[in-house]
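# Overview (structure and organization)
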Amino acid sequence: MNQLNIRALFPSDDGNLQQREQFMGLVKQLMEGVDALKDPESVYLKGEKDRGSHFYRELTAESRIPVAGRPLEQVNEELLKLLHGHPYHTKYFLTNILPMASTPGILGMLAAFAVNGNNLWDVYGPAGAEAEVRVVAMMSELVGYTPSESGGYTTWGGQGAIFTGLRIAINKHDPSIKKAGVPHNLYAFCSEAAHYSLFKSMEATGLGTNNLVKVRTREDSSMDVRDLKEKMEQVIRRGGVPIYVVASTATTDAMGIDNLAEIVEASEEIAAQHSIRKPHIHADSALGGFFAFFNHYDFAGNPLAIGEETLAALAAIQERMRHLHLADSLCFDFQKLGQTPYSTSLFLVKRASDLKLVDLEPDETPYVGHRGYGDYHTSYTLECSRMGSSISILSALLAFGAEGYQRLLAQFVEINLAFRRRLSEELPEAVIVNPDNPGIITLFRIYSDRKNGFAAECRGQRTKAQIQCENRLNDMLFETLGRARGEMFFGDTKKHLYVRTADGAGDIALYAAKLFVISPYTQLSDVQAIVGFLKQKIEETYAAYEALAKKEKEDEKAFVEMELV
Ligand SMILES: *Cc1c(COP(=O)(O)O)cnc(C)c1O
């Protein structure tokens with residue numbers, strides 16, 4: 001009988017050369033396979049993949065576990081086939097916050113996988129515990145928390161951080177809720193431009209999404225703090241209690257940055273006036289928090305010789321980010337601007353003691369922790385077992401250093417500024433609708449008369465029908481760009497700003513296409529080609545839109561004639 005040597009499926013236990021070379025050979029096969037699929041001129045890896053309408057159904061029908069295992073080289077071939085036609089972060093990858101995993105980020109993961117520790121408890125995963133404590137201290141110091149008082153851990157995304165912030169907020173309001181369940185008069189607040197994570201968290205905690213109050217945004221997509229105050233007052237007048245405010249620093253679409261200093265001040269004022277506890281304030285810094293790397297930058301001396309315009313943009317962002325330490329909790333999605341693989345999100349709390357509020361009693365964790373041995377047991381996380389993703393984060397922090405992150409972010413901002421400049425010069429039809437948000441994202445919107453209708457929309461001078469018409473044109477642009485995404489991959493949003501309508505038909509969101517500078521391979525010299533490509537696609541969109549308008553007019557005429565007959 002041809003028996004598989006099961007041990008050959010594992011790394012060695014003694015560090016022998018033969019097994020290591022076999023392992024390295026397999027890694028080499030994979031990496032060579034990926035490299036063979038790369039094409040710097042395309043946003044996709046090479047290879048055929050027919051993702052027709054029955055793709056997933058067919059997979060479901062075909063996929064069964066093989067009875068006999070296959071040689072690892074063959075399995076590798078199968079894995080490489082998965083990567084065919086996969087998006088890849090080349091210079092024209094300009095969509096959303098989907099970064100490349102950096103080499104130190106990947107190496108950190110490999111180090112974690114090599115021992116496969118469980119980050120739940122330092123007895124099982126001491127490497128993860130050590131790395132976690134180190135990165136929590138590093139990032140705490142960066143934002144201005146006191147490392148000896150703050151706490152934190154890696155978790156399931158920026159969404160997980162928002163969720164845990166809410167759990168803490170609920171238990172701060174009343175620790176007995178842990179046992180008794182949530183009452184229905186507790187309210188959370190975020191801006192209209194906030195990520196939907198809080199919406200989901202309201203559902204998942206049982207508070208209900210009706211108890212989420214959306215605060216108006218200003219034109220720069222930041223929270224209108226006067227509206228926050230008014231809405232908190234309203235809630236209190238109706239017998240509700242504001243317990244949680246999520247400040248977006250920054251938003252995922254426009255990179256609008258809420259003013260934490262104002263939000264904290266307003267929350268404290270309301271709390272004092274009504275003799276309630278100040279709501280827990282979470283800074284949703286999943287994306288934008290990385291600009292805190294400029295908190296200690298010498299803007300006057302400018303040691304990295306960053307260009308003047310870029311420096312001014314970075315200073316404007318840092319002006320908001322320097323308030324991050326005022327938040328009770330916050331988050332760094334290292335899988336976003338931290339350049340590490342998924343999932344590497346770091347949740348931080350200003351006071352580690354807040355985690356006690358969501359911790360378990362010793363008799364509820366019979367297997368682990370609360371022993372004479374082991375000092376680090378994360379029984380306050382919603383997860384039980386946890387991967388040691390902090391090892392990847394630590395690796396990236398050590399390899400990039402503050403300067404590496406500063407350089408990379410400055411590069412992204414510089415390219416975005418160059419794009420905006422060129423777009424305004426060469427393609428004024430594409431109106432930049434987040435002009436007051438410096439950063440790495442540009443939102444642009446086109447209008448049927450090829451003029452700039454944005455100011456009028458913001459002032460509430462357009463009817464609902466007019467805005468819907470312009471949104472439809474932009475939707476057609478999304479489709480045109482989407483079909484051509486193999487060449488250049490743009491993003492888009494159907495929820496940029498909410499604006500008032502001239503006919504009093506309620507508020508309506510503006511659609512906008514999106515350029516997101518996220519690949520380290522996008523260079524200043526690529527900006528011209530990017531704007532040229534957009535020019536062509538926007539002309540195609542106008543042509544299609546006019547053809548459609550003509551056809552609709554004809555149809556209407558035919559219909560009227562029919563009525564007359
Ligand atoms: C990405 C993002 C989130 C969600 O983070 P995940 O890591 O995807 O869970 C929440 N808020 C903001 C502002 C984000 O950019």
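Residues numbered from 1 in each chain as written. Predicted model: local features only at pLDDT ≥ 70, side-chain atom pairs only at ≥ 80, totals over all residues. Heavy atoms only, no water.

## Concerning the domain arrangement of the protein chain
Taken domain by domain, the protein chain consists of domain 1 (6-82) and domain 2 (89-157 + 286-565). Summarising the inter-unit geometry, the C-alpha centres of domain 1 and domain 2 are found 30 Å apart. Taken residue by residue, the interface counts six residues in domain 1 and nine residues in domain 2. For the pair domain 1 and domain 2, the summed buried surface comes to about 620 Å²; carbon and sulfur atoms form 53% of the total. Three residues stand out in domain 1 for area buried against domain 2, namely Glu41, Val43 and Tyr44, and they jointly supply 77% of the buried area on that side. For the interface between domain 1 and domain 2, the tally reads one salt bridge. Across the pair Glu41 and Lys91 runs a salt bridge, and its minimum N-O distance is 3.1 Å. Linking domain 1 with domain 2 are four residue pairs in polar contact (both at pLDDT 80 or more), by the criterion used here. (Domains from an automatic or database assignment. Contact = heavy atoms within 4.5 Å. Buried area = accessible area lost by both parts, 1.4 Å probe. Salt bridge = Lys/Arg side-chain N within 4 Å of Asp/Glu carboxyl O. Polar contact = N/O pair within 3.5 Å; in protein donor to acceptor, adjacent residues only side chain to side chain.)

## Brief notes about the site of the ligand
Among the 13 residues in the neighbourhood of the ligand, the closest are listed as Gly158, Asp284, Asp333, Gln335 and Lys336. At 3.1 Å from an oxygen atom of the ligand is found a side-chain nitrogen or oxygen belonging to Thr252. Coverage of the ligand by the protein chains reaches 85% of its 380 Å² of free accessible surface. The leading source of residues in the shell around the ligand is helix H6 (residues 157-173), at three residues. Looking at the shell around the ligand, its residues break down into three nonpolar, seven polar and three charged. (Near = heavy atom within 4 Å. Areas by Shrake-Rupley, 256 points an atom, 1.4 Å probe, with all protein chains shown as cover. Helix = DSSP H or I, 4+ residues; strand = E, 2+ residues; numbered from the N terminus. Nonpolar A, V, L, I, M, F, W, Y, C, P; charged D, E, K, R; others polar.)

## Here's the deal with the nonpolar core
Looking at soluble globular proteins, one finds that nonpolar side chains tend to be buried together. In this structure, Phe291 and Leu337 are the most contacted members of the largest nonpolar core, which totals 104 residues. A per-element tally of this core places helix H12 (residues 390-426) first, with 16 residues. The residues touching Phe291, leaving out its near neighbours within four places in the chain, are Met255, Leu314, Ile317, Met321, Leu337, Leu409, Val413 and Ile440. In this structure, Ile170, Ala188, Ala194 and Leu212 belong to the second largest nonpolar core, which totals 17 residues. (Core = buried A, V, L, I, M, F, W, Y, C linked by side-chain atoms within 4.5 Å. Buried < 20%, exposed > 50% of the residue type's maximum accessible area, 1.4 Å probe, protein only.)

## Some thoughts on helix H8 (residues 197-205)
Within the span of H8, buried status applies to Ser197, Leu198, Ser201, Met202 and Thr205. Angular distribution of buried residues about the axis of H8 spans 140°; they occupy a single face of the element. Gly206, located one to two residues past H8, shows a positive phi value of around 85°. (Arc of directions from axis to C-beta.)

## A word on the sheet that holds strand E9 (residues 431-432)
Hydrogen bonds between backbone groups are what pair the strands of a sheet, and the pairing can be parallel or antiparallel. Overall, mixed pairing links the five strands, which are arranged E1-E11-E14-E10-E9 in an open sheet. Either end of the sheet is taken by a strand with one partner, and the two such strands are strand E1 (93-94) and E9. With three bridges connecting them, strand E11 (residues 489-493) and strand E14 (residues 512-516) associate as antiparallel partners. Across the sheet, residue Thr493 finds its bridge partner in E14, namely Ala512. Contacting E9, strand E10 (441-445) and E14, H12 crosses the sheet at an angle of about 20° to E10. Docked against the sheet, helix H15 (residues 527-564) engages E1, E10, E11 and E14, running at close to 60° with respect to E11. (Pairing = 2+ DSSP bridges. Axes fitted to C-alpha atoms, helices over the stretch in contact; angles between N-to-C directions.)

## Digging into the side chain of Glu192
Looking at the element boundaries, Glu192 is found in the loop between strand E3 (186-191) and H8. The side chain of Glu192 sits in the buried core without any salt bridge; Arg216 is the nearest counter-charge, 4.6 Å away. (Lys, Arg positive; Asp, Glu negative; His and termini not counted.)

## Observations regarding the packing of helix H14 (residues 464-483) against H15
Between H14 and H15, whose axes approach to 9 Å, the crossing angle comes to 130°. Taken together, the axes of H14 and H15 are oblique relative to one another. Once H14 is placed against H15, the crossing between them reads as right-handed. Here H14 contributes Cys469, Arg472, Leu473, Met476, Leu477, Thr480 and Leu481 to the contact with H15, which in turn contributes Phe533, Leu534, Lys537, Ile538, Glu540, Thr541, Tyr542, Ala544, Tyr545, Leu548 and Glu552. Grouping the constituent residues of the contact of H14 with H15 by class yields twelve nonpolar, two polar and four charged. (Parallel < 35°, antiparallel > 145°, perpendicular 65-115°, else oblique. Left-handed = near helix turned anticlockwise from the far one by under 90°.)

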